Amino acid sequence: MGHEAQREQGAAPGSLGVIFSIVALDLIGFGLLIPQLGVYAVKFGASPLSAALLLSVYSLMQLLFAPWLGRLSDRYGRRPVLLVSLAGSLAGYVLFAFAHSLPLLFVSRVVDGVSGANIATAQAYVADVTRPEERARGMARIGMAFGLGFVLGPALGAQLGYWGGNLAIGLFAASLSGLNLVWAFLRLPESRREDSAPAPQRTVRGASGLLRLPVVGAALALFLLFLTAFAQMEGTFSVFVLSRFLAQGPVALEAGGGGLFALHARAPEALLREASLRTGYLFAFVGVLSAALQGLYGRMAARGRRRHGGRAGPGEAGLAVVGLAGVTLGLALLPLAPSYALLFLPMALLALGSALVNPSLSALVSLHAPAGRQGEALGAFQAFGSLGRILGPALGGLLFTQAGPSAPYAVAAALCLVATGAALLLLGRVRMGGARRG
């Protein structure tokens, strides 16, 4: 039976449901760990820099291996690549569960980063089983899975970390991956055909030509700047909560409290459990607010188009300016919060701002990329995002270790302030040029 016939008989919707569950469960497992990594790095005597590098190394593996997994899926099929990557995620989570040293934590993140580079393969699967007019809706379901993972994951991780530490978090995440693996093995058919489009390539290489395009290049640069700043917060936040509001004495992790990569003191288990709980709840709060605003984003962008005579582009650029300004303010206020409870205000600003920046900049790239380079431009957009998630935690961890807990947020706010100014210039350019390509 041909692929078109399969789609007519409804095979595609069932396959999309399986892909949605695969990505959602995978991202819930990912969301479980992200707020907790710094806590368990400190458990094993890591400096803030080493704790932040646990995030950087994951994104580095994704950036390096996503094109390779995509090429393998083009050659051998989407199904085997997805199955092997799910098995790899299971192994990475098991390593995290039983890690008893900092090197093992890093090994677990390397394994999981390589396995987590399967998102491009999942997107290729969606493209295989949907008609062009249905593709945006299919890709939106993957976006929904991302949102679900970042809402449920941190909340679950907070409770599991408080109850059973990295053992409970790792085993729960591993069980999700095991369930995913069985579900995909039983229910996910192969989708690749001889005429299938290749998997999207998320590479920075070759983006130089895109950077020369006025609007596209500016949007790519802004996304890199924004995520480098935002990831400084993500990479250091759990250690910030621990050091500012919970720990005392040598484990306060102030500048000079240990070496560049390791500390001479370790935090008591009770403090680690409390830091796990509080950090997880704050990240869950961010996820809920971001998801709520992203649900309203389409209406906000449409209102912007109506204000500009139906033109696409100025509304999105304006929302990017508002979002970047909100993130700048949130980052600046975060280290000034005098208590844990008052952290919710700057975190709300970060959530709302980031929910505007991401879709606005991706929409500008799509609107202004040349017609024949849409896939290349969006692949470069994701690659620049991965680069920001590599650079941001490393920079934030270095600043935290060398200059103290407030330094990453001051530098990140300054970067976002520069990005806000650049976005204002971009808004003026888009208003002048409409939605012309390039």
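Residues numbered from 1 in each chain as written. Predicted model: local features only at pLDDT ≥ 70, side-chain atom pairs only at ≥ 80, totals over all residues. Heavy atoms only, no water.

Chemist: Where do I start with the pattern of salt bridges in this structure?
Modeler: Pairs can form between side chains of opposite charge whenever their charged atoms are close. Applying the stated criterion across every chain, the model contains 4 salt bridges. Notably, a salt bridge pairs Arg109 with Asp112, separated by 3.3 Å at the nearest N-O pair. Here Arg109 and its partner Asp112 are both found in helix H6 (residues 102-115), 3 residues apart, which amounts to about one turn of the helix. For the pair Arg109 and Asp112, a shared accessibility class is recorded, and that class is buried. The closest approach of N and O atoms between Glu274 and Arg278, which form a salt bridge, is 3.0 Å. (Salt bridge = Lys/Arg side-chain N within 4 Å of Asp/Glu carboxyl O. Helix = DSSP H or I, 4+ residues; strand = E, 2+ residues; numbered from the N terminus. Buried < 20%, exposed > 50% of the residue type's maximum accessible area, 1.4 Å probe, protein only.)

Chemist: Just to check I follow, could you spell out a positive patch on the surface for this structure?
Modeler: On the surface, Arg299, Arg303, Arg307 and Arg431 cluster together into a patch of positive charge. Of all the elements, helix H11 (residues 269-307) adds the most residues to the positive patch, at 3 residues. Structurally, the position occupied by Arg307 is in helix H11. (Patch = residues over 30% accessible without salt bridge, like charges linked within 9 Å, V, L, I, M, F, W, Y side chains within 5 Å. Areas by Shrake-Rupley, 256 points an atom, 1.4 Å probe, with all protein chains shown as cover. Lys, Arg positive; Asp, Glu negative; His and termini not counted. Charge placed at Lys NZ, Arg CZ, Asp CG, Glu CD.)

Chemist: I'm lost on empty space enclosed by the protein in this one. Help?
Modeler: Regions of empty space are outlined by a rolling probe, equal in size to a water molecule, passed over the atoms. Per the counting criterion, the structure on display carries 3 cavities of 30 Å³ or more. Size it by volume and the largest cavity reaches roughly 40 Å³. In terms of lining residues, the largest cavity is bounded by Ile22, Val23, Asp26, Leu82, Asn118, Ile119 and Ala122. Those elements that place two or more of their residues in the lining of the largest cavity are helix H2 (11-33) and helix H7 (119-129). Take the lining of the largest cavity: its biggest share by element is 3 residues, from H2. Along the lines of polarity and charge, the residues of the lining of the largest cavity split into 5 nonpolar, 1 polar and 1 charged. (1 Å grid on protein atoms, 1.4 Å probe; cavity = no way out; pocket = protein on both sides within 12 Å on 5 of 7 lines; lining within 4 Å. Points joined across faces, edges and corners; volume = space filled by probe spheres on them. Nonpolar A, V, L, I, M, F, W, Y, C, P; charged D, E, K, R; others polar.)

Chemist: Help me understand the nonpolar core, please; the structure alone is not making it clear to me.
Modeler: Considering soluble globular proteins, one finds that nonpolar side chains tend to be buried as a cluster. Within the largest apolar cluster, 105 residues are counted, with the highest numbers of intra-cluster contacts made by Met233, Phe237, Leu331 and Leu343. With 19 residues, the top contributor of residues to this core is helix H10 (residues 214-246). (Core = buried A, V, L, I, M, F, W, Y, C linked by side-chain atoms within 4.5 Å.)

Chemist: Before we go on, may I ask you to explain the packing of aromatic side chains in this structure?
Modeler: Tallying each qualifying case throughout the model produces 11 aromatic pairs. Residues Tyr40 and Phe96 carry aromatic rings whose centres are separated by 6.2 Å and whose planes lie at 90 degrees to one another, so their mutual orientation is edge-to-face. One end of the pair, Tyr40, is in helix H3 (residues 37-43); the other, Phe96, is in helix H5 (residues 78-97), with 56 residues separating them in the sequence. For the pair Tyr40 and Phe96, one class covers both residues: buried. Here the aromatic cluster, defined as three or more aromatic residues joined through ring pairs, consists of Phe237, Phe240, Phe245, Phe283 and Tyr409. The ring of Tyr340 has Arg278 sitting right over it, with the charged end atom 4.9 Å from the ring centre. (Phe/Tyr/Trp six-rings, centres within 6.5 Å; stacked < 30°, edge-to-face > 60°. Lys NZ or Arg CZ within 6 Å of the ring centre and 35° of its normal.)

Chemist: Sorry if this is basic, but what is going on with the confidence of the model for the protein chain here?
Modeler: Low pLDDT means the predicted coordinates in that region are not meant to be read closely. When the pLDDT values of the protein chain are averaged, the result is 83; 84% of them are 70 or greater. Throughout residues 1-11 the model reports pLDDT below 50, and contacts reaching past four residues in sequence, or to other chains, amount to 14 contacts. Every residue in residues 249-256 is under pLDDT 50, and counting partners more than four places away or in other chains gives 18 contacts. (pLDDT = per-residue confidence, 0-100. Contact = heavy atoms within 4.5 Å.)

Chemist: What is the right way to look at a nonpolar patch on the surface in this model?
Modeler: The grouping of Val94, Phe98, Leu167 and Leu171 at the surface amounts to a nonpolar patch, some 330 Å² of accessible area in total. Topologically, Val94 is positioned in helix H5.

Chemist: I tried to follow the side chain of Ser354 on my own but got confused; where do I start?
Modeler: For Ser354, the position within the fold is in helix H13 (residues 344-368). Looking at Ser354, its side chain comes within polar contact range of the main-chain oxygen of Leu350, at 2.9 Å. In this view, Ser354 contacts Phe226, Phe230, Ser290, Val327 and Pro359; residues no more than four positions away in its chain are not counted. (Polar contact = N/O pair within 3.5 Å; in protein donor to acceptor, adjacent residues only side chain to side chain.)

Chemist: Whenever I open this one, helix H4 (residues 48-76) confuses me. Can you help?
Modeler: An α-helical turn contains 3.6 residues, so any two residues separated by three or four positions project in the same direction. For H4, spanning 29 residues, the distance from its first C-alpha to its last is 41 Å, which sits close to the expected 42 Å at 1.5 Å a residue. Where H4 bends most, at Phe65, the angle is about 40 degrees, and the proline Pro67 comes one to four residues later. (Expected span 1.5 Å × (residues − 1). Bend = angle between axes of the 7 residues up to and from the residue.)

Chemist: Got a minute to help me understand the packing of H10 against H13 in this structure?
Modeler: Helix packing geometry: the angle between the two helix axes and the distance between the axes. Where H10 meets H13, the closest approach of the two axes is 10 Å, and the angle between their N-to-C directions is 155 degrees. On the basis of their axis angle, the class for H10 and H13 is roughly antiparallel. Here the hand of the crossing between H10 and H13 comes out left-handed. Here H10 contributes Val215, Val216, Ala219, Leu220, Leu222, Phe223, Phe226, Phe230, Met233 and Phe237 to the contact with H13, which in turn contributes Met347, Leu350, Ser354, Val357, Asn358, Leu361, Leu364, Val365 and His368. (Axes fitted to C-alpha atoms, helices over the stretch in contact; angles between N-to-C directions. Parallel < 35°, antiparallel > 145°, perpendicular 65-115°, else oblique. Left-handed = near helix turned anticlockwise from the far one by under 90°.)

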